[in-house]
Amino acid sequence: MKDPISAMQWRYATKQYNADKKVSQADIDTILEATRLAPSSYGLQPYKMIVVTNPEIREKLKEAAYGQPQLTDATTIVVFAVGTVIDEVRVDAYMKQVSDTRGVAIEDLAGFKGMVMGAITPMSMEARSEWAARQAYLGLGVLLETAAMMEIDTTPMEGFAPSKFDEILGLAEKGLKTVVIAAIGYRNEADSYIAMKKVRPSKEEMIIEVK
């Protein structure tokens, strides 16, 4: 298991995967569980992770991702999809979950619910969708770092046709739409990007301290 800094130095957006080397189900489960525990605004987590391993479906997704080989060569693909409707019904379901998990009476959560609804209600549906997408990206970040610490390769991807992904995966009828995807697998050592030095702003350029 790598420490956070060496993990971030080691990882890169893998372009070529070793299709013959598979990530174990146990390791996939660990990555998904860590992502499930990712932070989100109010803890609402208004997104789902669609885990795609079916080869035929992945071939279709590859076409909808402009032929990028990661879609078929990686061990699995995780599609982050946000809810198309984020309303009081969704918030009430979350409040019940909080009540059941923490043993708190629903009535005692009225203030918390009011705060959540007070933030969501003024938003347009488009704004709610954008807010939900930001929460999904928090989950994506946890997925990437967890995998890197386990020395498992990933590729965050936005280069695809979301509407086609939604159609292929039947997401509309589930009240979901695709935001971002991640491939998980092991790098092909022939991938030319492995040897490239990581390019990032320096600490002095990136970090602004306010004292």
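Residues numbered from 1 in each chain as written. Predicted model: local features only at pLDDT ≥ 70, side-chain atom pairs only at ≥ 80, totals over all residues. Heavy atoms only, no water.

Enquirer: Please clarify how helix 7 (residues 125–149) should be interpreted in this entry.
Expert: The α-helix winds at 3.6 residues per turn, so residues separated by three or four positions along the chain end up facing the same way. Compared with the 36 Å implied by 1.5 Å per residue over 25 residues, the 37 Å span of helix 7 between its first and last C-alpha is a close match. E151 lies just past helix 7 and shows a positive phi near 60 degrees. (Helix = DSSP H or I, 4+ residues; strand = E, 2+ residues; numbered from the N terminus. Expected span 1.5 Å × (residues − 1).)

Enquirer: In this structure, what is going on with the environment of E88? I would like to understand it.
Expert: Tracing the sequence through the fold places E88 in helix 5 (residues 88–102). For E88 and G111, which are 23 residues apart along the polypeptide, the C-alpha to C-alpha distance reads 14 Å. At 2.7 Å, the side chain of E88 forms a polar contact with the side chain of K113. (Polar contact = N/O pair within 3.5 Å; in protein donor to acceptor, adjacent residues only side chain to side chain.)

Enquirer: Would you mind showing me how to read the pattern of salt bridges here?
Expert: In a structure, side chains of opposite charge can pair up when their charged atoms sit close to one another. A complete count under the given rule lists six salt bridges for this structure. Notably, a salt bridge pairs R36 with E33, separated by 2.7 Å at the nearest N-O pair. Residue R36 and its partner E33 are located together in helix 2 (residues 25–36), separated by three residues, close to a single helical turn. Taking the relative accessible area as the measure of exposure, E33 reaches 36% and is therefore partly exposed. (Salt bridge = Lys/Arg side-chain N within 4 Å of Asp/Glu carboxyl O. Buried < 20%, exposed > 50% of the residue type's maximum accessible area, 1.4 Å probe, protein only.)

Enquirer: Honestly, the pairing of strand 4 (residues 176–185) in this entry has me stumped. Any pointers?
Expert: Note on strand geometry: in a regular strand, side chains alternate between the two faces of the sheet. In terms of burial, strand 4 is a largely internal element, nine of the 10 residues being buried. Pairing geometry for strand 2 (residues 76–83) and strand 4, over eight bridges, is antiparallel. Bridge pairing in strand 4 places V82 opposite K177. Judged from the five bridges that link them, strand 3 (residues 153–157) and strand 4 form a sheet pairing that is antiparallel. Residue pairing across strands places M157 opposite I181, the latter belonging to strand 4. (Pairing = 2+ DSSP bridges.)

Enquirer: What's the story with the packing of aromatic side chains in this structure? I'm lost.
Expert: With the rule as written, the count across this model stands at three aromatic pairs. Between Y94 and F112, the aromatic rings sit 6.3 Å apart at their centres with planes inclined by 65 degrees, giving edge-to-face as the arrangement. Within this pair, whereas Y94 is found in helix 5, its partner F112 is found in helix 6 (residues 110–120), the two being separated by 18 residues in sequence. Ring centres 4.6 Å apart and planes at 40 degrees place the aromatic pair F160 and F165 in the tilted group. In terms of burial, F160 and F165 fall into one category: buried. (Phe/Tyr/Trp six-rings, centres within 6.5 Å; stacked < 30°, edge-to-face > 60°.)

Enquirer: Whenever I open this one, the sheet that holds strand 3 confuses me. Can you help?
Expert: By way of backbone hydrogen bonds, the strands of a sheet pair with one another, either parallel or antiparallel. Strand order across the open sheet formed by four strands is 1-2-4-3, with antiparallel pairing between neighbours. The open sheet has two edge strands, strand 1 (47–52) and strand 3, and neither has a second partner. Within this sheet the neighbouring strands show an average axis-to-axis angle of 25 degrees, counted without direction. (Axes fitted to C-alpha atoms, helices over the stretch in contact; angles between N-to-C directions.)

Enquirer: What's the story with helix 2 in this structure? I'm lost.
Expert: The first and last C-alpha atoms of helix 2 sit 16 Å apart over 12 residues, in line with the 16 Å expected at 1.5 Å per residue. The complete set of buried residues in helix 2 reads I28, I31, L32 and T35. With its buried residues spanning 95 degrees around the axis, helix 2 presents them on a single face. Turning to helix 2, the residues buried within the fold contact strand 1, strand 2, helix 7 and strand 4. (Arc of directions from axis to C-beta. Contact = heavy atoms within 4.5 Å.)

Enquirer: Can you walk me through the side chain of D153 in this structure?
Expert: Here D153 lies in strand 3. Separated by 2.7 Å, the side chains of D153 and R187 make a polar contact. The contacts of D153, once residues within four sequence positions are left out, are W10, Y12, T14, Y17, A183, I184, G185, Y186 and R187.

Enquirer: So what exactly am I meant to see when it comes to the nonpolar core here?
Expert: Grouped burial of nonpolar side chains is what soluble globular proteins tend to show. Judged by nonpolar contacts, the single largest core of 34 residues is most densely connected at I31, F80, L143, I152 and I184. Sorting the residues of this core by element identifies helix 2, strand 2, helix 5, helix 6, helix 7 and strand 4 as the ones contributing at least two each. It is helix 7 that contributes the most residues to this core, eight residues altogether. Apart from the residues within four sequence positions on either side, I31 is in contact with L143, T146, A147, M150, I152 and I184. Within the second largest apolar cluster, 19 residues are counted, among which are Y17, A81, M157 and F165. (Core = buried A, V, L, I, M, F, W, Y, C linked by side-chain atoms within 4.5 Å.)

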